[in-house]
Amino acid sequence: MKRRTGASSMVYLCLVLLFLYLPIFLLIVLSFNGTNSTSVMRGFSFKWYYELFHDDATIQAFYNTIVLAVTSAVTATFIGTLAAIGIDKMKKGLRKTTIMTVTDIPMMNPEIVTGVSMMLLFVFIGSILGMNGVLGFWTLFIAHVTFSLPYVILNVLPKLRQTDHNIFEAARDLGCTQISAFFKVVLPSILPGIFSGLIMAFTLSLDDFIISYFVSGPRFQTLPIRIFSMTKKRVTPDMYALSTLMFVTILVLLILVNVFQNKSDSSKKKEVGSDV
Amino acid sequence: MNKKASLGQRLCAAPHILWSAIFIVVPLLMVVYYAFTDASGAFSLEGIRRLSDYTTTFLRSLWFGIIATIICLVIAYPLAYVISQLKVKSQAVTIMLVMVPMWMNFLLRTYSWMTLLEDSGVINNILGKLGIGPFHMINTGGAVILGMVYNFLPYMILPIYTVMTKLDHSLIEAAQDLGANKLRVIRDVVMPSTRSGVISGITMVFVPSVSTFYISQKLGGGSFSLIGDVIEMQFQVSNNFNFGASLSFVLMILILICIAVMNRFGEKDENGGVII
C-alpha cells in the first residue's frame, strides 16, 4: 500500500518550509551578531544574550506572562470542564444552541473586536467605580479566561460523548455516590480532553498579543506587549536573542511532548495486550 | 437512556453561563451602545456617518484579505495533499514543522520580514552581490499581503491536511478504475470530500487578515493602513471610543456576513477540522 512521493512534491514541501523558517533563521543568526546592524555581520558574540538577562523590564514581563498563563489556563480549564459536563447533560434545544453559539463567539469574532469590546466594559466599570487605570492583571486574567473557554469546552465535550454512561450507572448501583462515581468513572475517561484543553489554553495565553494589547495597562506588561513596545522603535538585538531562546524552548517542548506521547502510546498497547 | 439530569449536573454549566453573559455578551452590547452614541452618551449617528471617510480603508482590508486567503489556499492545498501522502511518521514530523513557527511570537516574525525586505535589507544585499536589484519591496501593498500569507498560512494547511488524511483512498482507486484521469479524480473525488477543511481554512485565514493591525504598520509603512489600524488608533491614540466602536461594529457585521456566505457553500460537516 506504499504510495510513492515524487521528487517534485518533496521540492515543493521544502520550499514552503523554507519560506516558513526563513525569518526565524534570520532572527537566530542576528542574535549572535557582534554589531547591532541588520545588514553587517561582524563576529560572533553572546553580547545580546548578556544584555537580555540584564534587562529587568523584559525579565519582569516574562514572569508576568507565565503567572498570567498558568492562572488563566487553570481557571478556564476548571470552568470549561464543568460547563462541558453541564452542556453534555442538556437536552437539544434553543437553550443548548444559544449557549454553544455564545461560547463560540470569541473564536469566530476578529480578535481586535473581542479586545476592544472587553476594553469598553472594563473602562466603563472603572469609571463607575471611580478608579483610574483599571487595566492590569485582573482585566488580562478575565480576557484570557474568556478566550480560552471555548477551546477547553470543545476539547472536553467529545470525550464526554464517548464516555459510556452505563459504567457510571454501574458504579452507582454498586454503591458509589454521584460525586464519587464521577471521580472514579467519568473523570479518568475525560482526563485526556481536559489536559489538551489546559495545554491549549496555556499556549494561547502565552502567545496572545492582540486582545492583551487592549486590556492591559502600563503597570502589568506581558512579554508580547513588551515586544510590541520595543518593535515600535528600532529594535535592539536582545529581542533577537529572546526570540532565539523562545524558538529553542518551543522546539524542545514539542520534541518532549512527542517522545512522551510515543511512549504512552506504546505502553498503552502493552497494557491492552497484557490486561485483556 | 439519558435520565433526567440532577440539580448538581444542571448547576455545572452555571459559572460558565454567568461568565459568558458578563464577559462576552455584555461587552458586545457595549460596542453597539458606543457605536450609536457620542462622547456625552446621547444617541448619535455621527460615528456611522463618519465611516464613509474610511470606505477606501475598508475596501483595501477586504481586498488584501481576499488576495492573502487565495494565495494561502493555492499554496496550502497541494501542500496538504503532499503531506498526507507521506509515511505516517514523517507526516507527524512535517505537521510539527508547520506548527512550530505559529508558536513564535508573531510580532517578532513580522519584524524579521521587515529586515529581510528593507531597501538595504538581507534580500537586497544578497541580490546585490549577484548583481541584481536592488528592488523596492518594503512599504508596498505586496509586502503587507506577504506578511498576511506568512503569518496565517499554517491555519490553512492544518484543517485541509486533517480532511486529506480522512480521504478514502479506495474512492480514488475506484474513480481511476472507472477511467477517470488525474484531473477528473481531483475535481470529482478529492475536492468535494475536502471541502469542509477548505472552508474552515478560508475562515481561519480571512478573519485575522481582514482585521490585522500590526502587519500593515510594519510592512506597509503607514501608507497601506487597514481597518484594524484605524480601530487601534481610535482606542490607543485618539481616545475616541465611540468612533472606534462604530468601526468595530461594522467590521464585526462584515465578517459575520462573510462567514455566513462561506458556510452556505459547504454543508455543515461535524468532522470538519475547525479546531486544530
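A brief structural summary. Note that the coordinates shown come from a computational prediction; the quantities given were computed from them, not determined experimentally.

Analysis parameters
- Residues numbered from 1 in each chain as written.
- Chains lettered and ligands numbered in written order.
- Predicted model: local features only at pLDDT ≥ 70, side-chain atom pairs only at ≥ 80, totals over all residues.
- Heavy atoms only, no water.
- Helix = DSSP H or I, 4+ residues; strand = E, 2+ residues; numbered from the N terminus.
- Buried < 20%, exposed > 50% of the residue type's maximum accessible area, 1.4 Å probe, protein only.
- Contact = heavy atoms within 4.5 Å.
- Rg over C-alpha atoms; globule rule 2.2 N^0.38 Å.
- Areas by Shrake-Rupley, 256 points an atom, 1.4 Å probe, with all protein chains shown as cover.
- Patch = residues over 30% accessible without salt bridge, like charges linked within 9 Å, V, L, I, M, F, W, Y side chains within 5 Å.
- Salt bridge = Lys/Arg side-chain N within 4 Å of Asp/Glu carboxyl O.
- Core = buried A, V, L, I, M, F, W, Y, C linked by side-chain atoms within 4.5 Å.
- Buried area = accessible area lost by both parts, 1.4 Å probe.
- Polar contact = N/O pair within 3.5 Å; in protein donor to acceptor, adjacent residues only side chain to side chain.
- Nonpolar A, V, L, I, M, F, W, Y, C, P; charged D, E, K, R; others polar.

### A look at the overall build of chain B
The helix and strand inventory of chain B stands at 14 helices and zero strands. With respect to the three principal axes, the spread of C-alpha positions in chain B is 75 × 70 × 30 Å. Split into buried and exposed, the 276 residues of chain B put 52% on the buried side. Counting only contacts in chain B whose residues sit at least 6 apart along the sequence, the fraction spanning at least 24 positions is 72%.

### Details of the overall build of chain A
When helices and strands are counted, chain A shows 11 helices and zero strands. Secondary structure of chain A in N-to-C order comes out as α-α-α-α-α-α-α-α-α-α-α. For 276 residues, the compact-globule estimate of 2.2 N^0.38 gives 19 Å, and chain A exceeds it by more than 25% at 24 Å. Seen through its principal axes, chain A has C-alpha atoms that stretch 75 × 65 × 35 Å. Going through the 276 residues of chain A one by one, you find that 49% of them count as buried. Taking contacts inside chain A between residues at least 6 apart in sequence as the whole, the part at least 24 apart equals 71%. Carbon and sulfur atoms provide 68% of the accessible area of chain A, an area that totals close to 14600 Å².

### Focus on a nonpolar patch on the surface
Taken together, the side chains of A:F124, A:I125, A:I128, A:L129 and A:M131 define a hydrophobic patch exposed on the protein surface, amounting to about 480 Å² of accessible area. Within the fold, A:F124 resides in helix α5 (residues 111-129).

### Observations regarding the environment of B:V122
By the element assignment, B:V122 lies in helix α7 (residues 122-129). Judged by its relative accessible area of 19%, B:V122 falls in the buried class.

### Regarding the nonpolar core
With 165 residues, the main nonpolar core has A:I112, A:L120, A:F209, A:F214 and B:I83 as its most contacted residues. Not counting residues within four places of it along the chain, the set of residues in contact with A:L120 comprises B:M30, B:V31, B:Y34, B:F235, B:F241 and B:A245.

### What about unusual backbone geometry?
Residues and elements named next belong to chain B. Although it is not a glycine, N139 adopts a positive phi angle of roughly 60°. Note that N139 resides in the loop between α7 and α8 (141-165). For N239, which is not glycine, the phi torsion reads 55° and is therefore positive.

### Here we look at the interface of chain B and chain A
Interface size, as often reported, equals the accessible area lost upon joining of the parts. Contacts between the two partners involve 80 residues from chain B, matched on the other side by 83 residues from chain A. Each partner contributes to the roughly 7700 Å² buried at the junction of chain B and chain A, and carbon and sulfur atoms together form 77% of this total. At the boundary of chain B with chain A, the tally comes to zero salt bridges. The interface formed by chain B and chain A holds 10 residue pairs in polar contact (both at pLDDT 80 or more) in total. Here the side of chain B that touches chain A gets 15 residues from one element, more than from any other, and that element is helix α2 (residues 14-35) of chain B. A per-class count over the side of chain B that touches chain A returns 57 nonpolar, 17 polar and six charged.

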